Every structure is written in structure tokens, then in C-alpha cells.
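Secondary and tertiary structure notes
The lines below spell out each chain.
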Amino acid sequence: MRLLQKYLCLPRSLFLATAILAVSPLVTKAVLVSPHALFIDHHTRTAQFTLANSSEQAEEVEIALRFGFPETDSLGNPYVKLIEDPGAEFPSAADWIRAFPRRVRLDPGQRQVVRFLATPPEDLEDREYWSRVIVTSRRSEPLRATADTAVRIGLTFEMRTILALMYRKGRVHTGVELHDLRAAATDDTLEVWLALKREGNAAFLGSARFTLLDGSGNTVRHWQTALAVYYSLNRRLRLPLDQVQAGRYRLHVELSTAREDIPATRVLPTPTIDRTLEIDVG
Amino acid sequence: MSTAPALRLYPRRQLRQWFIVAAAIVCTVTGARQLASQPIRPRGLQDLQFGNVLPGFPTAVSRLDAVNAGKFGIRGVNNAEVQVDLTLPASLVSGGSNLTVQFGPADGGYALRDRINESLPFDPTVPLVTNLSNRGRLFIWLGGTVVPTPVQAPGAYSGTIVLTAAYTGN
Amino acid sequence: MKQAFIPATAAFAVALALPLLPTGAEAQASITARAVVEPVLTVNAGNDLDFGSVLPGFMKTIAVSDATAGTFDLSGAAAAEVNITFTALPANLTFGANNLPITYTGVHNTVNDPIAGATSFTPSAGDTTPLHGTTGELYVFLGGTVDATASPPAGTYTGTVTLTGAYTGN
């Protein structure tokens, strides 16, 4: 192999890449999950999603439910906090919603509908209850055996996708309070801090739209991000300021429950919050 | 005096031929006037619905699927021969994204009654020449397959299918 | 002369009828073909993190930019924010009762490039980042170092690496 590499005058990494491409099957996608989020109504108590295997290998898939919600760390970065045994203070639906099937083998090209059935307690009060659906998939292929005397590594890759599940009973409503809004331009980034607290009895699933306006009111940049507030968030956003000239700008911030990735029938309408800040760039 | 002796000049056989030709001419003219007075009328009766599809997973709708297959109805002169052409899109469109749609040689179906299970297959990519029923009706069904790529952009895609119908005159 | 009456009449009648034949008269109707491409979430393992053969007594490193680095890709809604974490990342690979220490390095990028525009992160700590604003893609590259300086016995040392993609926008 080294002789061949030398003969072909290829850099080692390029040679390896070529060799691997020649022998490895081209993997496209693996297990698809659709839709992005599940909503269950107290009247129907059911929902479903579709799993599909678009890869060329069989996949073992497991579905589990855990209580969890997005939170932010001290640096303002969001993550999904999973709580194994939530107390009564948490509106968890993880214990009384079941997935059918919970484990499935998907052959290449196969699709599987997974149904979720809720059996809530009798005295459930009106509000929104939450869970996370965890879809774990791993390739169903045997570990390659070795016959030589070397040390070899056999790493198995497992993939987990976590998505939200909302169970709504009775009249649910939401809103968000914007306690604090700060923004500062540093180098080529506009750093924005939002301190948010949810109102109502349902999660605030919305979006934040940011518009940078110059002195004449012309839009210079526009950004948008999805926002999920379950309790409170102290969120930092880093918005790129590529090629924005130095000067004084206004940053218009708009918070609303407008979302394109959530079915319109599931969006809980709220009044839009508008704020404007002065920003110095450069 | 003028007509009767003249007719008497024709032999009986020739006279019969004259009547046949005259009758044929009358029928032709009458039929043509009927075709003209009763124009062919196609109508779109049901959209072709592929429903929700996943990227990378082709989804087919059978022409025998009463709920999702596309459907046209045609009305015209009883028993008249018609030509049906379907203008089919190569892709459905959502904003700037295209979704490939394919129509196979058995994705078209036609029947003289509104009975999808009685329909006979035809290739929707080539013209169909057939007769309307004795009540002047024809029904067309259309299936097909959408072929989303593995990275197909999400969204609602649509495309127009146009049916053109005309009497052949035969 | 009189015998010419029949063909003349026929010709006249046909001439009369021809303009009435509406063979060129077309009528059109249309339906719409519709499909909804569903938004999907995927977390996909591409290449294995492949160390090949490791000589006992030596360390071996696979950089994130090496062709044998482990690769993953995630896809979802354009610009959706995702928290990626290697929730299971063994510090030792095992072969029976024998351990082989391993450490990891990681980068992610919205295009399939482990160098240009890539962001380094600590695999065990994870990172939150938006998917590509148009394609909805995110690529993760995993490198590592195995330490065989203690000359472990030959064999296949195994472990399971779990990459979790949690969408923070819902």
C-alpha cells in the first residue's frame, strides 16, 4: 500500500480518502423522524410520528419518553434539560404517555408509524404537560472480526434525536415577559441577551426577529431564531455582523408565537412584544 | 309532370342508392350540427393528492385510488369519438423548490361510467382516442409517483394537470 | 346530365357539413397535483472513527480532518437550533477485562468541511448551534487518540459512542 501511495505521489490523507471512498458504501441519511414536535389533545389522547430508514443498512430504533425542557447555562447557551424523576412540581407527561412500538428494526427503505397513547390521571387540571421523545438508532450490523495480532478499535455509533411532546388539556394560554434586553457589537458579532419568563399555563413556542436599521430607517440586517420558553431563559444570541459598516444603528426586536415549523392550529396566539435598542458598531 | 317522369327515368336500384346517399348526407349534416351544438365539456373533478411525503421516499398514488387519484369527467355527444390529451408537469413546485413527479404507462384510467374499478389503463403521456358512452360521458383517472430527494425542502408542493378533449370527427 | 345529380348533391352536402364538424374545437379542464413534503429530523452516522491497526506500545491519533475521522450529520428545519452532545463517550475501550484509554476531539460545521468555517467543541460537553440557514444541515467530525503505550494485548477493543441531537426551539 505504501508503495502504491508513493508511486501515485499522493498525500497520505488524500490517498486514504481515495481508498476509503473506493471501498465504503455511500451512506445517505439514516433514520428520519417526522414531524418535529408532537401535540396531543386531551380529547383524542393520541398522536403519531413516522420513522423511516433511508440508509442502506438496517437500523435498530428505540423510542423513550423523558421529562425535559430547554434551559440556558450561565453563558446563555440553550440545552435540553432532562429530569429522570420529575417531582409533582413539574408538569410531566412522560409517565403516562406510551409509544407503540417502543422498539423496531427498520430495514433499508422501511417506514414505521409510531403511535403515542396517553392515559392521564383522572384529576388532571387544565394546562399543558410536557415530555421529550428520545429516538435512539443504531446500525444493525455485526462488529467486524479481526484475525491478526494487532490492537484494533471497534466503535459503535448510536444516534439520539430528542424532540418535544406537548399534551394540552382544557384552555391553554401562553405569553412571555421580556425582563431584560441588552445588545453590544463586538468585532463582527452582535451579541444580544434576552431575559425571558413564560406566562400562562403552556410553553411559549415562538420566535425572535431582529432587524438592524441604519440612521435612515433602512434594514441593514435581519435575523430570526426559534424560541422556546418553558420557565425562564437567560438567552445569549450571537448574530453575525459581516460587512456592516461602523456607525450607529437601531436594533428592533420582535417576540411572537409566529412559527413556520409548527402547524397553525397548534400555535397559541400572543401579543407581539416590540423593543428597540441603539447599537454602536465598530 | 316535371318531377315524376324524371324520377321514372332512374332504374329502381339506382333510386335506392340515391336514397342511401341522401340519408347518409342528412345523417352527416345532422350529426355535425349536433356536434357543433353540443360542444365537448371536460371538467376537473378531483385533485391528485400525494399527501404527506418524506424526503428520500418516493410515494405513489394508484389510478384505482378513489380518494387520492386525480379525476376528470367529460361530457359530449353520445358515442362520439374523442381525443384526450393530458399535459403533465415534470415537477411540482413550492416556492423555489421542485419535486419530481412521474407518470407511468398504466397511471391513466378511463371508463364510460363513474366506476373507478371498471376503468381501463392507458398511458397518460400519449393521447387517448376513445368513444364517449351512449349517454355522452367519459371518466378519466390519474395516478402517479412523486420522487422527493433525500434533501427535499419541506413545504406544500403543487402543479397543474391540464386535460384537453376534442371530437375527432370520426 | 341528370345522372350527375347524385354526386353533385353529395358533394354539396359534404361541403355544407364540413365547416360544421368541430374536430378542431378543443375544450380544457385542469386539476392540481399536490404533495406536502414533511419536515424531518435526522441524526446520521457517516464514517466510523477508524484507527486501523494500532501498534502496542504506541499512541495513535486521528485528527478531525483525517479521512478516517468519524462523521455525523444532522438535518432539520433550516436554521433550527440544536444542542449536540456526545452523551456516551467511553474513556476506555474494552477487550474482555483489558482497557484501552481513548480521548476525543470534535468540530462541527454547517457544510461538509472539517476545516474551513468549522467550530471546535469538546465532545463530552457538547455545543448548541443553528443548522444551516438554507439546507438545514449540520456536520460533526470526531477525532480521537488511543493510548496503547501500556502495550495492551492484541484484540478488538470496543465501545459505544452516542451522539445526541436535541432541538432547543420547541
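The structure presented is a predicted model; accordingly, all values stated were derived computationally and were not measured. (Residues numbered from 1 in each chain as written. Chains lettered and ligands numbered in written order. Predicted model: local features only at pLDDT ≥ 70, side-chain atom pairs only at ≥ 80, totals over all residues.)

This paragraph deals with the overall build of chain C. Scanning chain C from terminus to terminus reveals one helix and 12 strands. Considering only residue pairs separated by 6 or more positions, chain C has 75% of its internal contacts joining residues 24 or more positions apart. (Helix = DSSP H or I, 4+ residues; strand = E, 2+ residues; numbered from the N terminus. Contact = placed C-beta atoms within 7 Å.)

All right, on to the overall build of chain A then. When helices and strands are counted, chain A shows two helices and 17 strands. Residues counted as buried form 33% of the 282 residues belonging to chain A. In chain A, the share of contacts with a sequence separation of at least 24, taken over all contacts with a separation of at least 6, comes to 72%. (Buried ≥ 20, exposed ≤ 12 C-beta atoms within 10 Å, placed from the backbone.)

Our focus in this paragraph is the confidence of the model for chain A. Across chain A, the average pLDDT comes to 86, with 86% of residues at or above 70. Between residues 1-28 of chain A, whose pLDDT stays under 50, and residues either more than four places distant or in other chains, the model counts 22 contacts. (pLDDT = per-residue confidence, 0-100.)

With an omega of 5°, the peptide bond between A:Ser34 and A:Pro35 qualifies as cis. Looking at the element boundaries, A:Pro35 is found in the loop between β1 (31-34) and β2 (37-41). For C:Ser151, which is not glycine, the phi torsion reads 50° and is therefore positive. Mapped onto the elements, C:Ser151 comes out in the loop between β11 (137-147) and β12 (155-167). Here C:Ser151 falls in the exposed class, since 11 other C-beta atoms lie within 10 Å of it.

Below, the discussion takes up the pairing of strand β6 (residues 97-100) of chain A. Residue and element names in this part refer to chain A. In β6, alternate side chains face the same way, and those of Ile 97 and Ala 99 are buried while those of Arg 98 and Phe 100 on the opposite face are not. Here β6 runs beside strand β8 (residues 111-118); their pairing, made up of four bridges, is antiparallel. Paired with Phe 100 across the two strands is Arg 115, which belongs to β8. (Pairing = 2+ DSSP bridges.)

Contacts between the two partners involve 44 residues from chain A and, on the opposite side, 50 residues from chain C. The dominant element in the side of chain A that touches chain C, judged by the number of residues it contributes, is strand β10 (residues 151-169) of chain A, at 14 residues. Split by residue class, the side of chain A that touches chain C holds 28 nonpolar, 11 polar and five charged. As paired elements, β1(A) and strand β2 (residues 41-45) of chain C share two bridges and run antiparallel to each other. Its bridge partner lying in β2(C), A:Val33 is registered against C:Leu41. (Nonpolar A, V, L, I, M, F, W, Y, C, P; charged D, E, K, R; others polar.)

Residue and element names in this part refer to chain A. Structurally, Thr 270 is set in the loop between β16 (247-256) and β17 (273-281). A count of 18 C-beta atoms within 10 Å places Thr 270 in the partly exposed class. Along the sequence, Thr 270 and Gly 206 sit 64 residues apart, while their C-alpha atoms lie 9.4 Å from each other.

Here we take up the pairing of strand β8 (residues 108-111) of chain B. Residues and elements named next belong to chain B. Sheet analysis places β8 next to strand β9 (residues 120-122), joined by three bridges and oriented antiparallel. Considered in β9, the bridge of Tyr 110 is made with Leu 120. Relative to strand β11 (residues 137-142), β8 is paired through four bridges, and the arrangement is antiparallel. When the sheet's bridge partners are listed, Ala 111 is paired in β11 with Phe 139.

So, about the sheet that holds β11(B). Residues and elements named next belong to chain B. Read across the open sheet, the five strands follow the order β1-β4-β11-β8-β9; overall the sheet is antiparallel. Each end of this open sheet is capped by a strand with a single partner; those strands are β1 (41-46) and β9. Across this sheet, the average inter-strand angle for adjacent strands is 25°, counted without regard to direction. (Axes fitted to C-alpha atoms, helices over the stretch in contact; angles between N-to-C directions.)

This paragraph deals with the environment of C:Gly126. Residues and elements named next belong to chain C. With respect to the helices and strands, the residue Gly 126 is situated in the loop between β9 (119-121) and β10 (127-130). Sequence separation between Gly 126 and Val 40 is 86 residues; the distance between their C-alpha atoms is 22 Å. Apart from the residues within four sequence positions on either side, Gly 126 is in contact with Asn 83, Ile 84, Thr 85, Phe 86 and Phe 121.

Per-residue confidence for chain C averages 85 on the pLDDT scale, and 86% of its residues sit at or above 70. When the criterion is pLDDT under 50, residues 11-24 of chain C qualifies, and its contacts beyond four places in sequence or with other chains add up to 20 contacts.

This part is about the sheet that holds strand β14 (residues 219-229) of chain A. The pairing of strands in a sheet happens through backbone hydrogen bonds and is either parallel or antiparallel. Residue and element names in this part refer to chain A. Overall, antiparallel pairing links the four strands, which are arranged β14-β13-β16-β17 in an open sheet. The open sheet terminates on both sides in strands that have one partner only, identified here as β14 and β17. Pairwise comparison of adjacent strand axes, ignoring direction, gives a mean angle of 20° for this sheet. The sheet contact formed by strand β13 (residues 204-213) and β14 spans 10 bridges and is antiparallel. Across the sheet, the residue bridging to Ser 207 is Ala 226, located in β14.

Turning our eyes to something else, we now look at the nonpolar core. Looking at soluble globular proteins, one finds that nonpolar side chains tend to be buried together. Core analysis: the largest hydrophobic core is formed by 141 residues, its most contacted members being A:Val33, A:Leu165, A:Ala203, A:Val229, B:Val82 and B:Ile140. For this core, the leading source of residues is β10(A), giving 11 residues. Every residue in contact with A:Val33, bar those within four places of it in the chain, is listed here: A:Phe49, A:Leu51, A:Val135, A:Thr161, A:Leu163, C:Val40 and C:Leu41. (Core = buried A, V, L, I, M, F, W, Y, C linked by C-beta atoms within 7 Å.)

Let us now look at the environment of A:His222. Note that A:His222 resides in strand β14. C-alpha of A:His222 to C-alpha of A:Arg209: the two residues are 13 residues apart in sequence and 7.4 Å apart in space.

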